[in-house]
Amino acid sequence: MSSRPPFPLLFEPLFQERPWGGRRLESAFGRQIPPGKRIGESWEIVDRLEAQSIVRHGPWAGRTLHELWSNHRPEIFGEGAVDSSRFPILAKLLDAEEKLSLQVHPATGGEAKTEMWFFIAADAGAEIYAGLERGVTRDQFEQAVAKGAAAHLVHRIAIKSGDAFFVPGGRLHAIGAGNFLIEIQQNSDTTFRLFDWNRRAPEGAARDLQIEKALQEIDFADFEPELISPAGERLVECAHFVVEKWNLERTRRASERPAFALFACLSGAVETGGLRLGPGEFFLVPAFAAASELQPGASGTNLLRVTLPAR
């Protein structure tokens, strides 16, 4: 077996059935998803006990992301790699054919979760719910929750293709129907659902809610948040990740420092390491190959680039 990993690294996606999911991964990106299933999420890179990314090509095929993180961290992940037991980022594709639950993630603790969304496509009239309408008090909100009317007090934002939004822990939110997006988040899978639109599981049971925990986590001073206004290529820079959108009009280095970079091809095609990768493909450029070049393989090539903050 080769002592050096392939470049770039590609991983097997993990498909997640969800009651609000659809079939857009198949129609948009040609993914072979399980027939007859509503696939809401494709976990593109994940290192969790219950879910593990597997290298899908080359001499390192079959190795897990956790093995790479544990045993090859300097070579593959390089500068800025945090001292954590697992790779700190979870990247997903989400197909919201229907609304997701009104929910919140913890802001602190071992399963804190900050995330950002980049909207690949949005149907006419698509929207998200985020934060509270200005002036709503906690008492008003709790009364609305008891009546099943909490959504009326949540701020709504119209969405179009190319929009981006930041969701720190503590921000009340829900992704509306008709949105197809990339989610970049802390490595956490903790969600407290407050309301699920009276949706029923196939067997007729209502989905579990965690109302009391959600109320403890909501930031009740978070009024009418706005979409991200990009600073050049930079969409988000927080303590957990940096996300940029590249318009790849010319050859560019993957990274200017000896650190990994995770890419998602949004449109066009990108050529690197002898591979040509199209829309919907995620790939990780290891730290040892940080100076390698990414070349546009078609006009209108756009990439999302995810890194860890410089430390």
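What you see as residue numbers is a count from 1 along each chain, following the sequence as written. Only residues with pLDDT of 70 or above have their local features reported here, since the model is predicted, and side-chain atom pairs are shown and tallied only from 80 upward, although totals for entire chains, interfaces and linings are computed over all residues. As a convention, hydrogens and water are excluded, and side-chain values are obtained from all of the structure's heavy atoms.

Draft legend 1. Fine view of the overall build of the protein chain. Secondary structure assignment for the protein chain yields five helices and 22 strands. Compactness check: the protein chain gives a C-alpha radius of gyration of 20 Å against a globular reference of 19 Å for 311 residues, within 12% of the reference. For the protein chain, the C-alpha atoms occupy an extent of roughly 60 × 40 × 35 Å along the three principal directions. Should any heavy atoms of two residues lie within 4.5 Å, those residues are counted as being in contact. Counted over contacts in the protein chain with a minimum sequence separation of 6, partners at least 24 positions apart contribute 75%. Accessible areas in this description were obtained via Shrake-Rupley with a 1.4 Å probe; residue shielding takes into account the shown protein chains only. Counting only carbon and sulfur atoms, one obtains 47% of the accessible surface of the protein chain, whose full area is about 13400 Å². Put simply, DSSP marks the helices as runs of H or I at least four residues long and the strands as runs of E at least two long, and each gets a number from the N terminus on. Values of the radius of gyration come from C-alpha atoms, whereas the globule rule sets the reference at 2.2 Å times the count of residues to the power 0.38.

Draft legend 2. Representation of the packing of aromatic side chains in the model. For Phe, Tyr and Trp, where Trp contributes only its six-membered ring, two rings pair if their centres lie within 6.5 Å, and the inter-plane angle classes them as stacked under 30 degrees, edge-to-face over 60, or tilted in between. Counted according to the given criterion, the structure contains 13 aromatic pairs. For the pair Trp-69 and Phe-77, a centre-to-centre distance of 4.9 Å together with 70° between the ring planes defines the contact as edge-to-face. Residue Trp-69 shares its accessibility class with Phe-77, and that shared class is buried. On the basis of an interplanar angle of 75° and a centroid distance of 5.6 Å, the ring pair of Trp-69 and Phe-87 is categorised as edge-to-face. Here Phe-87 lies in the loop between helix H3 (73-76) and strand E5 (89-96) and Trp-69 lies in helix H2 (residues 65-71), a separation of 18 residues in the sequence. By the burial criterion, Trp-69 is buried, and Phe-87 matches it. Aromatic ring contacts, followed pair by pair, group Trp-69, Phe-77, Phe-87 and Phe-260 into a single cluster. Whether a charge lies above a ring is judged from NZ of Lys or CZ of Arg, which has to be within 6 Å of the ring centre and within 35 degrees of the ring normal. It is Lys-99 that lies over the ring of Trp-197; its NZ or CZ is 4.1 Å from the centre. Only protein chains enter the accessibility calculation, which uses a 1.4 Å probe; a residue whose area is less than 20% of its type maximum is buried, one above 50% is exposed, and one in between is partly exposed.

Draft legend 3. Inspection of helix H4 (residues 138-146) at higher detail. Buried within H4 we find Phe-141, Ala-144 and Val-145. When H4 is viewed along its axis, its buried side chains cluster within an angular range of 100° and face the same direction. Counted as exposed and oriented over 90 degrees from the buried face of H4: Asp-139 and Ala-146. The arc in question is the one spanned by the directions pointing from the helix axis to the C-beta atoms.

Draft legend 4. Local environment of the pattern of salt bridges. Between Lys or Arg on one side and Asp or Glu on the other, a salt bridge is scored when a side-chain nitrogen of the former is within 4 Å of a carboxyl oxygen of the latter. For the coordinates displayed, the defined rule picks out 28 salt bridges. Lys-92 is the partner of Glu-183 in a salt bridge, and the nearest nitrogen-oxygen pair spans 3.6 Å. Highlighted residues: Glu-183 in strand E12 (residues 179-186) and Lys-92 in strand E5, separated in sequence by 91 residues. In this structure, the salt-bridge partner of Glu-98 is Arg-199, at a minimum N-O distance of 3.5 Å. Separated by 101 residues along the polypeptide, Glu-98 in the loop between E5 and strand E6 (102-104) and Arg-199 in the loop between strand E13 (192-195) and helix H5 (211-217) bring together distant segments of the chain. Salt bridges here are not isolated pairs; linked through shared partners, they connect Arg-38, Glu-97, Glu-98, Asp-196, Arg-199 and Arg-207.

Draft legend 5. Expanded view of unusual backbone geometry. One non-glycine residue, Asn-198, adopts positive backbone phi at about 60°. Locating Asn-198 in the fold gives a position in the loop between E13 and H5. Assessed through its relative accessible area of 67%, Asn-198 is described here as exposed. Backbone geometry at Glu-224 places phi at a positive 45°, although glycine is not the residue there. As for its placement among the helices and strands, Glu-224 is situated in the loop between H5 and strand E14 (234-237). Of the residues examined, Glu-224 reaches a relative accessible area of 28% and is grouped as partly exposed.

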